[in-house]
Amino acid sequence: MSARPPAPETLAVHAGAGPDPATGALAPPLHLATTFRHGPAGERIAGYQYQREGNPAQDALESALAALEGGAAALAFATGMAAVDGLLQSLPPGSHVLLPRDCYTGLRALARDVLPGLGIGTTAVDMTDPEAVRAALRPDTRLLWVETPSNPCLEVTDIAAVAAIARGHGALLAVDSTFATPLLQQPLRLDADVVMHSLTKYVGGHSDVMGGALVFAAAGDLHARVAHRRHLTGGTLAPFNAWLLLRGLRSLPARMHWHCRNAMAVARFLAGHPAVSRVLYPGLPDHPGHATAARQMRDFGGMLSVRLRGGRDAALALAGALRLFTNATSLGGTESLVEHRASIEGDAPVSPADLLRLSVGLEHADDLIADLDHALASSPGR
Ligand code: PLP
């Protein structure tokens, strides 16, 4: 064996894998058991006791995710939001958290509807501007939350720069790296403390399983507290879902390669179209976060947003005229999706009304571009 550490592509295939010692099966065994035999005085026999506390499929997924992110430990959860909640609710009451101004709408709702009742205050800030981040710090700020690239405006935050600010303040830095996946970006290597993923998206990869994860730089007190809380509050990932997510992880590198290629082709096409006012994709050189993304990401991902000159009507007309892109929420699956985010954000939408978010799937880029071209021809913004 060479001393060279395995590349992420190799880790994705092999981390937490290997023939089952009992049968030689290459696919991991799936244990659905909720309970595991123990000794008369509760002595553990094979390491497990009760599924909510931990189970073999969840453990295998966690060790693979920790290896891919370069972390010391990982915790899997039933959904991405359970992972977010698992971390934020581990903060002591009276904590203040900085959140990004552009972020997944569920995080914003959590900050508005749930966290105040727990004594956790939040301030939304432009995380792409280190001065603004510094100015928003308070003596009680215990956590900085970054989402990069962000949902849905694809803002790119310099992880190392915000990590330095967090460290200088004695606060933690957590990064939602869902859009990037563990393949394209590894925030712990840029000095973040925790990485969060909605595994529902690219890791699952087929729009048929939910899950979330936190990966920790250190297996210390924070990890222990969040693990204890997950055990008691039941955010554990079901074994079959862990098994499906681990299977998804094995092909993540190949899928991400194709997602990125397709998204770049679609972004270039849209950027040259007269009905489009802006394409938000970090892979385009005129994107304000392009240089940072090029530095901290291996590629630019499969997500992009597009803003239409004709405003909301043009956006809705385009969403309605597309055939290959399905109108649906979520992202990261094999099929291309489109969504008018402002329409699904409830009474007080924050996404621009002229914006459509695209999850660029694994179809052929020529077909996706032909679909967009045809649908744009009927856009009232032309
Ligand atoms: N983070 C981001 C960036 C997301 O897009 C989502 C869901 O869309 C979540 C977190 C929440 O994940 P889940 O839906 O798995 O709970």
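Above: the structure in question.
In this report, the structure presented in the accompanying data block is examined. (Residues numbered from 1 in each chain as written. Predicted model: local features only at pLDDT ≥ 70, side-chain atom pairs only at ≥ 80, totals over all residues. Heavy atoms only, no water.)

A word on unusual backbone geometry
That bond from Thr148 to Pro149 is cis: its omega, -10 degrees, falls within 30 degrees of zero. Relative to the assigned elements, Pro149 resides in the loop between β4 (141-147) and α6 (159-169). Pro152 follows Asn151 through a cis peptide bond whose omega is 10 degrees. If you check the backbone angles, Thr181 has positive phi at about 70 degrees while not being a glycine. Along the chain, Thr181 falls in helix α7 (residues 181-184). In the Ramachandran plot, Asp191 falls in the positive-phi region, its phi being about 85 degrees despite a non-glycine side chain. With respect to the secondary-structure elements, Asp191 resides in the loop between α7 and β6 (194-198). (Helix = DSSP H or I, 4+ residues; strand = E, 2+ residues; numbered from the N terminus.)

Things to note about empty space enclosed by the protein
Evaluated as defined, the whole model comprises 1 cavity of 30 Å³ or more. One number sums up the size of the largest cavity: a volume of about 40 Å³. If you go around the largest cavity, the residues you meet are Pro100, Asp102, Met127, Thr128, Glu147, Ser150, Glu155 and Thr157. Considered class by class, the residues forming the lining of the largest cavity number 2 nonpolar, 3 polar and 3 charged. (1 Å grid on protein atoms, 1.4 Å probe; cavity = no way out; pocket = protein on both sides within 12 Å on 5 of 7 lines; lining within 4 Å. Points joined across faces, edges and corners; volume = space filled by probe spheres on them. Nonpolar A, V, L, I, M, F, W, Y, C, P; charged D, E, K, R; others polar.)

Here we look at the packing of helix α2 (residues 56-69) against helix α9 (residues 239-250)
α9 packs onto α2 with a crossing angle of 35 degrees between their chain directions and a minimal axis gap of 8 Å. Every pair of crossing elements has a handedness; the one defined by α2 and α9 is left-handed. Contacts between α2 and α9 pair Ala57, Gln58, Ala60, Leu61, Ala64, Leu65 and Leu68 from the former with Pro239, Ala242, Trp243, Leu245, Leu246 and Leu249 from the latter. When the residues that make up the contact of α2 with α9 are grouped by side-chain class, the tally is 12 nonpolar, 1 polar and no charged. (Axes fitted to C-alpha atoms, helices over the stretch in contact; angles between N-to-C directions. Left-handed = near helix turned anticlockwise from the far one by under 90°. Contact = heavy atoms within 4.5 Å.)

Let's talk about the packing of aromatic side chains
Tallied over the full model, the rule gives 2 aromatic pairs. Summarising the aromatic geometry, the rings of Phe36 and Tyr48 are spaced 5.4 Å apart at their centres and angled 40 degrees between planes, so their arrangement reads as tilted. Here Phe36 is found in the loop between α1 (8-14) and α2, whereas its partner Tyr48 is found in the loop between α1 and α2, with 12 residues between them in sequence. Grouping residues by exposure puts Phe36 and Tyr48 together as buried. (Phe/Tyr/Trp six-rings, centres within 6.5 Å; stacked < 30°, edge-to-face > 60°. Buried < 20%, exposed > 50% of the residue type's maximum accessible area, 1.4 Å probe, protein only.)

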